[in-house]
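Residue-level structure breakdown
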Amino acid sequence: MDKLRALFQHFQSSSESVLNGICLLLAVVTVKLYSSFDFNCPCLARYNALYGLGLLLTPPLALFLCGLLANRQSVVMVEEWRRPEGRRRKDPGIIRYMCFSVLQRALAAPLLWILLALLDGKCFVCAFSSSVDPEKFLDFANMTPSQVQLFLAKVPCKEDELVRDSPARKAVSRYLRCLSQAIGWSFTLLLLVLAFLARCLRPCFDQTALLQRRYWSNYVDLEQQLFDETCCEHARDFAHRCVLHFFAGMRGEMRARGLRRDPARGGAEPGAAEPAEPGDGAGGKAHLRAVSSRQQVNLLLSTWYSSKPPLNLPPSPRLGERGLSPRAPAAAPGTRPSQHTDV
């Protein structure tokens, strides 16, 4: 279960490659769902439009919601938008950038479904077969208006006895299918032109604001992830110390009840010193062990939500002494730097 949870959290991270992979996975699922869907138009004048438009628009809405749920940044964006300002000013530009990024990926699968439906034409024929102007077709000249409406409603059902092997049905179906494909290809061309213009014209403008918003949007997501991980680490350590404290209290109670084992039989002396816990003192968990009560934990969580710390950390002294390359080893005193370069 822990591995599945870790894998799910990894797929929910804000990495560009992971988010693009989720977007691609939803697109593949969309194509698979549409290819396996059994389309059955009711062929009734009152329900054709409802069924066709519902099949054209309802699955994209469901896919759009799935895209929002699968993207971690959607939750982070709402939290950043609704959080109290506190000591950290909220930047509307960062929220707009995150919103655009979330919507851009969430709309990929719904648009793909709509394009597939338009290029296939079945939904369009079912939805608008009863809306065709019968004057465009000569085969309806000898029919009454009621017969024309009944015939047009049966156009999507080519196996129906009323329209089987009818040239008028084939003409109407072909007309609607061609119109649907024309709309689908026009929509595809429009999306490609917009994407091309956005890709080509973006370098022509100043990239400073874009780089800043991208950086801080990633920072907000990573900061929340690190806070959640630190809270889990503190909860585990706090539970561990509470259990140890419980056993220490039980040892005194057992001594008072005369349940202490005889040391001559090889049993451990209850008064013996316990082994030191890892990370005590100045170890890695010292900053976590400072919060050691329920009231302190609640105060810490409330302060994090209502008043996040300002983004103004003091500079690291080591970084200032060693320059901008903290990984470069410092030279030992009294030694001269090498004058040659190894290739």
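Residues numbered from 1 in each chain as written. Predicted model: local features only at pLDDT ≥ 70, side-chain atom pairs only at ≥ 80, totals over all residues. Heavy atoms only, no water.

Considering the overall build of the protein chain
Convention followed: Each helix is a run of H or I in the DSSP string that is no shorter than four residues. Each strand is a run of E no shorter than two, and both are numbered from the N terminus. Each residue's exposure class comes from its accessible area (1.4 Å probe, protein chains only) as a fraction of the maximum for that residue type: buried when under 20%, exposed when over 50%, partly exposed otherwise. Any two residues having at least one pair of non-hydrogen atoms within 4.5 Å are treated as being in contact. Accessibility throughout is a Shrake-Rupley quantity obtained with a 1.4 Å probe, and a residue counts as covered only by protein chains that appear here.
On a plain count of helices and strands, the protein chain comes out with 13 helices and zero strands. Counting from the amino terminus, helix and strand elements in the protein chain follow one another as α-α-α-α-α-α-α-α-α-α-α-α-α. For the protein chain, the proportion of its 343 residues judged to be buried stands at 27%. Within the protein chain, residue pairs in contact and separated by at least 24 positions form 70% of the contacts whose partners lie at least 6 positions apart. A total accessible area of about 24,300 Å² is found for the protein chain, and carbon and sulfur atoms account for 63% of it.

Description of the nonpolar core
As a reminder, the rule being used: Throughout this description, the term nonpolar core refers to a set of buried Ala, Val, Leu, Ile, Met, Phe, Trp, Tyr and Cys residues connected via side-chain atoms within 4.5 Å.
Phe137, Phe140, Phe151, Leu152, Val155, Val172 and Leu176 are the most contacted members of the largest nonpolar core, which totals 16 residues. Elements with a contribution of two residues or more to this core: helix 6 (108–120), helix 7 (122–128), helix 8 (145–153) and helix 9 (167–201). No other element matches helix 9, which puts four residues into this core. Not counting the four nearest positions on each side in its chain, Phe151 is found in contact with Phe140, Met143, Leu162, Val163, Ser166, Ala168 and Arg169. Membership of the second largest hydrophobic core comes to 15 residues, among which are Phe39, Cys41, Ala109 and Ala117.

Notes on the side chain of Arg105
The condition that has to hold: Polar contact is the term for a pair of N or O atoms within 3.5 Å; when the atoms are in protein, one must be able to donate a hydrogen and the other to accept it, and sequence-neighboring residues count only if both atoms are side-chain atoms.
Its location among the elements puts Arg105 in helix 5 (residues 92–106). A distance of 2.6 Å separates the side chain of Arg105 from the side chain of Ser101, its partner in a polar contact.

Looking at the state of the cysteines
Put simply, the rule reads: Criterion for a disulfide: a pair of cysteine sulfur atoms at a distance within 2.5 Å.
Enumeration according to the criterion identifies two disulfides in this entry. Disulfide partner of Cys41: Cys126, at an S-S distance of 2.1 Å. Judged by the sign of its S-S torsion, about 75°, the bond between Cys41 and Cys126 is right-handed. Residue Cys41 is located in the loop between helix 2 (16–36) and helix 3 (48–70), and its partner Cys126 is located in helix 7; the two are separated by 85 residues in the primary sequence. With respect to burial, Cys41 and Cys126 carry one shared label: buried. Cys43 shares a disulfide with Cys157; S-S distance 1.5 Å. Residues Cys43 and Cys157 are joined through a disulfide that is right-handed, its torsion about the S-S bond being 100°.

Notes on helix 3
Here is the rule we go by: Each helix should span, by expectation, one fewer than its residue count multiplied by 1.5 Å. Fitting axes to the seven residues ending at a residue and to the seven starting there, one defines the bend at that residue as the angle between these axes.
End to end, helix 3 covers 33 Å across 23 residues, agreeing with the expected 33 Å (1.5 Å per residue, within 8%). The largest bend along helix 3 reaches roughly 35° and is located at Gly54. All of the buried residues along helix 3 are Asn48, Gly52, Leu55, Leu56, Pro60, Leu63, Phe64 and Gly67.

Some points on the packing of helix 3 against helix 6
The description of two packed helices rests on the angle between their axes and on the distance between the axes. Short version of the rule: Lines are fitted to the C-alpha atoms to define the axes, a helix being fitted only along its stretch in contact, and any angle between axes, read from their N-to-C directions, falls within 0 to 180 degrees. Working definition: roughly parallel below 35 degrees, roughly antiparallel above 145 degrees, roughly perpendicular at 65 to 115 degrees, and oblique for all remaining angles. By convention, the crossing between two helices is left-handed when the near helix turns anticlockwise from the far helix through less than a right angle, and right-handed when the turn is clockwise. Under this grouping Gly is polar, as are all residues other than the nonpolar Ala, Val, Leu, Ile, Met, Phe, Trp, Tyr, Cys and Pro and the charged Asp, Glu, Lys and Arg.
One way to put it is that helix 3 packs onto helix 6 with a least axis distance of 8 Å and a crossing angle of 160°. If you check the angle between helix 3 and helix 6, you find them roughly antiparallel. Remark: the crossing between helix 3 and helix 6 carries right-handed chirality. Contacts between helix 3 and helix 6 involve Leu55, Leu56, Pro59, Pro60, Leu63 and Phe64 from the former and Ala109, Pro110, Trp113, Ile114 and Ala117 from the latter. Split into classes, the residues belonging to the contact of helix 3 with helix 6 amount to 11 nonpolar, no polar and no charged.

Notes on a nonpolar patch on the surface
Rule in force here: Any residue with relative accessible area above 30% and no salt bridge may belong to a patch, with like charges joined within 9 Å and the nonpolar Val, Leu, Ile, Met, Phe, Trp and Tyr side chains within 5 Å. Take a side-chain nitrogen of Lys or Arg and a carboxyl oxygen of Asp or Glu: if they are within 4 Å of each other, that pair is a salt bridge.
A grouping of Leu189, Val193, Phe196, Leu197, Leu201 and Phe205 is seen on the molecular surface, where their side chains present a nonpolar patch of about 610 Å² in accessible area. Judged by its relative accessible area of 37%, Val193 falls in the partly exposed class.

Digging into the confidence of the model for the protein chain
Stated formally: The predictor's confidence in any single residue is recorded as pLDDT, a number from 0 to 100.
Residues with a pLDDT of 70 or more make up 78% of the protein chain, whose mean pLDDT is 80. For the stretch residues 278–283, pLDDT sits under 50, and the model shows eight contacts to residues farther than four places along the chain or on other chains. Across residues 323–343, where pLDDT falls below 50, the model places five contacts with residues more than four positions away in sequence or in other chains.

Some remarks on the environment of Glu223
Within the secondary structure, Glu223 sits in helix 10 (residues 208–256). Its relative accessible area of 12% is what places Glu223 among the buried residues. Ignoring anything within four residues of it in the chain, the contact list for Glu223 reads Arg88, Trp304 and Lys308.

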